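A look at the structure
The chain contents come next:
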Amino acid sequence: MKTAITEMFGIKHPIIQGGMHYVGFAEMAAAVSNAGGLGIITALTQGTPEKLANEIARCKDMTDKPFGVNLTFLPTVNAPDYPGLVRTIIEGGVKIVETAGNNPAQVLPYFKDAGVKVIHKCTSVRHSLKAQSIGCDAVSVDGFECGGHPGEDDIPNMILLPRAADELEIPFVASGGMADGRSLVAALAMGADGMNMGTRFIATKEAPVHENVKAAIVAASELDTRLVMRPLRNTERVMTNDAVEELLKIEKEKGADLKFEDIIEQVAGVYPRIMTEGDMDAGAWSCGMVAGLINDIPTCQELIDNIMAQADEIITKRLAGFQAG
Ligand SMILES: Cc1cc2nc3c(=O)[nH]c(=O)nc-3n(C[C@H](O)[C@H](O)[C@H](O)COP(=O)(O)O)c2cc1C
């Protein structure tokens, strides 16, 4: 399939694997890129420029296809070495960066000078327009359904994507709730040039996470996610578990007085315990409503091939059939 996104990133299929903390290692990114999509390494999981350089080198050993690096700007006091991470990405020869969180204006000139394409992940039309105005090459429009941080506007993709299409001039991909060929065709119909998936890629053979995480996603329905940290205006969609129910109880008790310190046990530093050790009640971990559509653990190649075959079938048979009638 050929779209503005496949052309921009030099990939076969318009499918991107979004950056994911403690999931987006070289193994994940390489598997997606080798299957014809765009795999993405998550810079902050590595933490330091030296470790990121090593991860980029490992990914290059596993694929000769394009892959990207996610750079998430967090509202944090102990900021990572962002200038060092930017330098490492450029010196590592990576040509695609997915930015997320705060506005990437400060790092954009460095990437532009180095010929790196930047796709910024946004949860609203106004942030997408801002990304366009500062010179981002594309945006990833993340609807309310998404795993991770959906923002505070709560607009689902059925509205957000056509709104983005009406306003944006640069290409965009649909993100949040995407799982299969139906998602891809719907995203294209609403004006996107491809799709970005997070949760779906965790339930694949190559995802370098504990089997318990994959099993939890397969077992979950669309009713099993919760929104946490809303009172802090740092809303995150996570899979429910004992720690999350405890967190929500604390949020309810503290009300408007809630502080980050009150819930630190449930959210800080829990990813290695969940993703690597498989301790599924250790804390809150991002997961999308799309878990309700995930019932298997294919290889990335099988997943992407199935998506493209289903999309083709829908376009050429189901939709074309309506026209004929
Ligand atoms: C476990 C997990 C960790 C994530 N970590 C990050 C991250 O560190 N940075 C980021 O920009 N997005 C992160 N995301 C969001 C994804 O990149 C993607 O935008 C989102 O999962 C799309 O929604 P979906 O899960 O419905 O496909 C994460 C998502 C998940 C499920």
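As a starting point, this report considers the structure included with it.

What counts, and where the lines are drawn
- Residues numbered from 1 in each chain as written.
- Predicted model: local features only at pLDDT ≥ 70, side-chain atom pairs only at ≥ 80, totals over all residues.
- Helix = DSSP H or I, 4+ residues; strand = E, 2+ residues; numbered from the N terminus.
- Rg over C-alpha atoms; globule rule 2.2 N^0.38 Å.
- Buried ≥ 20, exposed ≤ 12 C-beta atoms within 10 Å, placed from the backbone.
- Contact = placed C-beta atoms within 7 Å.
- Pairing = 2+ DSSP bridges.
- Axes fitted to C-alpha atoms, helices over the stretch in contact; angles between N-to-C directions.
- Arc of directions from axis to C-beta.

Further remarks concern the overall build of the protein. The helix and strand tally for the protein stands at 15 helices and 10 strands. Expected size for 325 residues packed as a compact globule is a radius of gyration near 20 Å; at 19 Å, the protein falls within 12% of this value. Counting only C-alpha atoms and orienting by the principal axes, one finds that the protein spans roughly 60 × 45 × 35 Å. In the protein, buried positions account for 47% of the 325 residues. The contacts of the protein with a sequence gap of at least 6 include a subset with a gap of at least 24, amounting to 63%.

What follows is about the environment of G101. With respect to the element layout, G101 can be found in strand β4 (residues 96-101). Those residues in contact with G101, other than ones at most four positions away along the chain, are T72, F73 and L74.

The subject of this paragraph is the sheet that holds strand β7 (residues 172-175). Taken in spatial order, the eight strands line up as β1-β8-β7-β6-β5-β4-β3-β2 in an open sheet, and their pairing is parallel. Of all strands in the sheet, those with a lone pairing partner are β1 (15-17) and β2 (39-42), marking the two edges. Strand-to-strand, the axes of this sheet are offset by a mean angle of 30°, without reference to chain direction. Alignment of β1 against strand β8 (residues 195-197), held across three bridges, turns out to be parallel. In the sheet register, Q17 faces β8, and the bridge partner there is M197. Strands β5 (117-122), β6 (138-142) and β7 of the sheet are contacted by helix α7 (residues 125-134), whose axis makes an angle of about 160° with β5.

Right, let's get into helix α5 (residues 82-91). Turning to α5, its buried residues number three or more, namely L85, V86, T88 and I89. Within α5, the buried residues cover an arc of 160° as seen down the axis, which keeps them to one side. The exposed residues of α5 that point more than 90 degrees off its buried face are P83 and E91. Looking at the buried positions of α5, the neighbouring elements they touch are α3 (43-46), α4 (49-62), β3 (67-73), β4 and α6 (108-113). Backbone geometry just after α5 places G93 at a positive phi near 80°.

We now examine α7. For α7, every residue scored as buried is listed here: V125, S128 and A131. Buried residues of α7 fall within an arc of 120° about the axis and therefore sit on the same side. Exposed residues pointing more than 90 degrees away from the buried face of α7 are listed as R126 and S133. Contacts from the buried residues of α7 go to β5, β6, α8 (157-167) and β7. Downstream of α7 by a residue or two, G135 has a phi angle that is positive, lying close to 110°.

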